[in-house]
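Next come the chains, spelled out residue by residue.
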Amino acid sequence: MESALPWVFNRLEPPYLEDPYPLYARARREAPVLYSPEFGLWFVTRYDDVWAVLKDTARFSSRFLMRTPADAPPAVREVLQEAYPELPMLVNDDPPSHTRTRSLVSRAFAPRLVAALEPSVRAIVTRLMDGFAPDGGVDLIAELAYPVPIEIICTLIGLPVEARDKLKIWTDDLVTLGAPGTDGDRQLACARSSVAFQRYLEAQIEARRSAPRDDLLSALIKAHADGEQPLDVAELVNLLIVLIFAGHETTTNLIGNLLVLLLARPEILRAFRDDPTLTDDVITEGLRMDAPVQGMFRTTTEEVALGGARIPAGAQVMVLFGSANRDEAVFSDPDQFDPARSNNHRHLSFGRGIHACLGASLARLEARIVLDTVAERLPNLKLDASRPPTYVPSLMHRGPQALHVVWS
Ligand code: HEM
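Everything in this summary refers to the structure shown in the same document. Just so you know, these numbers come straight off a predicted model, no measurement behind them.

Turning our attention to the coordination of the iron atom of the ligand. Just one protein ligand coordinates the iron atom of the ligand, and it is Cys-357 (SG) at 2.3 Å. Checked against the element boundaries, Cys-357 lands in the loop between α15 (321–324) and α16 (360–377).

So, about the site of the ligand. Near the ligand, the surroundings consist of 29 residues, among which His-98, Arg-102, Arg-298, His-355 and Cys-357 are the closest. Between an oxygen atom of the ligand and a main-chain N or O atom of Val-91, the distance comes to 3.3 Å. Between the ligand and Arg-298, the relevant distance is 2.9 Å, taken from an oxygen atom to a side-chain nitrogen or oxygen of the residue. At the level of secondary structure, the elements contributing two or more residues to the shell around the ligand comprise α4 (97–108), α8 (147–157), α12 (233–263), β5 (295–300) and α16. Among the elements that line the shell around the ligand, the one with the most residues is α12, at six residues. A breakdown of the residues in the shell around the ligand according to their chemical character gives 19 nonpolar, eight polar and two charged.

Further remarks concern the sheet that holds strand β9 (residues 382–383). The three strands are arranged β4-β12-β9 in an open sheet whose pairing can be described as antiparallel. Whereas interior strands pair on both sides, the edge strands pair on one side only; in this sheet they are β4 (136–139) and β9.

Taking 1.5 Å per residue as the helical rise, helix α10 (residues 184–210) with its 27 residues ought to reach 39 Å, and the 39 Å between its terminal C-alpha atoms agrees with that figure. For α10, the N-terminal capping position is held by Asp-183, with its side-chain oxygen 3.2 Å away from the main-chain nitrogen of Asp-185.

For the α-helix, the turn length of 3.6 residues means that residues three or four positions removed from each other point alike. Taking 1.5 Å as the rise per residue, α12 with 31 residues should run 45 Å; its terminal C-alpha atoms sit 45 Å apart, in good agreement. Of all 31 residues making up α12, 27 are buried, and the element is well covered by its neighbours. One side-chain oxygen of the residue at the start of α12 lies 3.2 Å from the amide nitrogen of Ala-234, identifying that residue as Asp-232.

All right, on to the side chain of Thr-171 then. Secondary-structure assignment places Thr-171 in helix α9 (residues 164–178). Not counting residues within four places of it along the chain, the set of residues in contact with Thr-171 comprises Phe-197, Ile-244, Phe-245 and His-248.

Now for the packing of aromatic side chains. Taken as a whole and assessed by the stated rule, the structure comprises ten aromatic pairs. Here Tyr-35 and Trp-42 contribute two aromatic rings whose centre-to-centre distance is 5.3 Å and whose plane-to-plane angle is 50 degrees, an arrangement assigned as tilted. Neither residue differs from the other here; Tyr-35 and Trp-42 are each classed as buried. Put simply, the rings of Phe-9, Tyr-21, Tyr-24, Phe-39 and Phe-43 touch in pairs and so form one group of aromatic residues.

Turning our eyes to something else, we now look at the packing of α8 against α12. Direction vectors running N to C along α8 and α12 enclose 145 degrees, while the axes themselves pass 8 Å from each other. Here the hand of the crossing between α8 and α12 comes out right-handed. Residue-level inspection shows Pro-149, Ile-150, Ile-153 and Ile-157 of α8 in contact with α12, the latter providing Leu-240, Leu-243, Ile-244, Gly-247, His-248, Thr-251, Thr-252 and Ile-255. In terms of residue class, the contact of α8 with α12 is made up of eight nonpolar, four polar and no charged.

The next thing to look at is the packing of α10 against α12. Between α10 and α12, the shortest axis-to-axis distance is 10 Å and the interhelical angle comes to 110 degrees. By the criterion of interaxial angle, the relationship of α10 to α12 is roughly perpendicular. Handedness of the α10/α12 crossing: right-handed. Along the contact surface, α10 presents Phe-197, Gln-198, Leu-201, Glu-202, Ile-205, Glu-206 and Arg-209, while α12 presents Val-233, Leu-236, Val-237, Leu-240, Ile-241 and Ile-244. Within the contact of α10 with α12, the residues separate by chemical class into nine nonpolar, one polar and three charged.

Take the pattern of salt bridges next. Considering all chains together, one arrives at 25 salt bridges under this definition. A salt bridge links Arg-28 to Glu-328; the shortest N-O distance between them is 2.8 Å. Placement of the pair is Arg-28 in helix α1 (residues 21–30) and Glu-328 in the loop between α15 and α16, with a sequence separation of 300 residues. Judged by relative accessible area, Arg-28 falls into the buried class, the value being 4%. The closest approach of N and O atoms between Arg-164 and Glu-151, which form a salt bridge, is 2.7 Å. Of this pair, Arg-164 sits in helix α9 while Glu-151 sits in helix α8, and the two are 13 residues apart along the sequence. Here Glu-151 falls in the buried class, since its relative accessible area comes to 3%. Put simply, Arg-127, Glu-151, Arg-164 and Asp-165 are held in one network by salt bridges that share partners.

Let us now look at the sheet that holds strand β2 (residues 41–44). Backbone-to-backbone hydrogen bonds pair the strands of a sheet. The strands run either parallel or antiparallel. Read across the open sheet, the five strands follow the order β1-β2-β8-β5-β3; overall the sheet is mixed. Strand pairing shows two members of the sheet lacking a second neighbour, β1 (33–36) and β3 (60–61), which therefore form its edges. Relative to β2, β1 runs antiparallel, the two being bridged by four bridges. Across the sheet, residue Tyr-35 finds its bridge partner in β2, namely Trp-42. This element, helix α2 (residues 47–55), spans β1, β2, β3, β5 and β8 (316–320) of the sheet and lies at about 125 degrees to β8.

Below, the discussion takes up the environment of Ala-313. Positionally, Ala-313 belongs in the loop between β7 (309–311) and β8. Between the alpha carbons of Ala-313 and Phe-60 there is a distance of 9.7 Å; along the sequence they are 253 residues apart. Beyond its immediate stretch of four places on either side in the chain, Ala-313 contacts Thr-300, Thr-301, Glu-302 and Glu-303.

We now examine the pairing of strand β12 (residues 404–407). Where β4 meets β12, four bridges bridge the pair, whose relative direction is antiparallel. Note on β12: the bridge partner recorded for Gly-136 is Trp-407. The pairing of β9 with β12 spans two bridges and is antiparallel. Its bridge partner lying in β12, Lys-382 is registered against Val-406.

About the cut-offs
Residues numbered from 1 in each chain as written. Predicted model: local features only at pLDDT ≥ 70, side-chain atom pairs only at ≥ 80, totals over all residues. Heavy atoms only, no water. Donors = N, O, S within 2.8 Å, 3.2 Å for Na, K, Ca; no water. Helix = DSSP H or I, 4+ residues; strand = E, 2+ residues; numbered from the N terminus. Near = heavy atom within 4 Å. Polar contact = N/O pair within 3.5 Å; in protein donor to acceptor, adjacent residues only side chain to side chain. Nonpolar A, V, L, I, M, F, W, Y, C, P; charged D, E, K, R; others polar. Pairing = 2+ DSSP bridges. Expected span 1.5 Å × (residues − 1). Buried < 20%, exposed > 50% of the residue type's maximum accessible area, 1.4 Å probe, protein only. Contact = heavy atoms within 4.5 Å. Phe/Tyr/Trp six-rings, centres within 6.5 Å; stacked < 30°, edge-to-face > 60°. Axes fitted to C-alpha atoms, helices over the stretch in contact; angles between N-to-C directions. Left-handed = near helix turned anticlockwise from the far one by under 90°. Parallel < 35°, antiparallel > 145°, perpendicular 65-115°, else oblique. Salt bridge = Lys/Arg side-chain N within 4 Å of Asp/Glu carboxyl O.

On their own, these measurements won't tell you what the molecule is for.
Here is the structure:
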């Protein structure tokens, strides 16, 4: 394969799991579009090339099945026959079907629904922080950054908040089901879990059909374009799974990454109390500095020349938002955290183009309320130096797995 490197590009190996940015900088300088035999993937590291891929939806397809295991044993296939097949939905779909679903979902995802969630976000953050001791310490991921987004995605869709821990298990099992290397017994357990997840969603859809409410699920059931059918149950089940996936771990990682940046800069956290407008700039710069979704996958539909490389047809490509956001050709002094930077809104952390994130304003709302409340209630927050953060070993996601802090 062309463009193999004399050095290894592996952001999951120490020290790059904790800090992948020097590795990305080397790639941008020496091999901006590179093939990694370890991952069987082409990585795109410069800003302009990432944007070129995102725009070119004809040659860089988003279609891939995320959750269907390759070569599943017969027992697993038999269980999965009870489930709806995985349908490409939004994030892993291409036009024209992407265009249809996106327009239906954008209509249902009204700014009014998102704005109406502000009191719920505040109530959840307050309830969780009321449980913190006046003098003490917690893992801020387990106690705050994880529960807030999962409870809010339940509230937005209209699922009971009590389902949150079940949803976590179901979504984790779905990732394990499709992951290479999962053994047969585990695949079977995950296949059963996947069927249970779908049955649960189906029951929620049925309940909402007979008694609609003011929630996203009711809006999605109703949504249809002139002269077209609304989404059927199989499409709705697949769409709900995508929304639940897209809406929680990403936001947990955003909140976690922002807290890591601010724990290293306590003066900024303290300044929030005097200047409420600062939070938005800090969130934008935080999104640029440490993208919660480091990259997304595409598949080439024909051979493509890009950044000095020739990517063959049918190749798997990963566009690295995390690297594009530190590209010195776009952001001066890119490794500096500077909330006053004039162009930090050009970050690609929510993607761009036809797949641009539909939940960006919701994610920002959650992050703002968490940061403001932390600044107000825990002004003396410090990292527990004996337990530094550890990072999720994932190519796609980046965020602290645990963030132990103390205060007095
Ligand atoms: C900090 C939090 C989040 C980050 C960093 C993030 C990031 C992204 C990125 C990078 C994409 C583009 C994917 C691509 O180009 O292939 C995307 C798409 C998407 N996001 Fe988010 N997201 C976040 C939160 C959310 C939330 C809270 C929701 C829903 C409640 C959501 C729903 C979606 C959906 C539905 C898409 C697919 C849109 C399409 O393909 O047309 N995201 N997100």
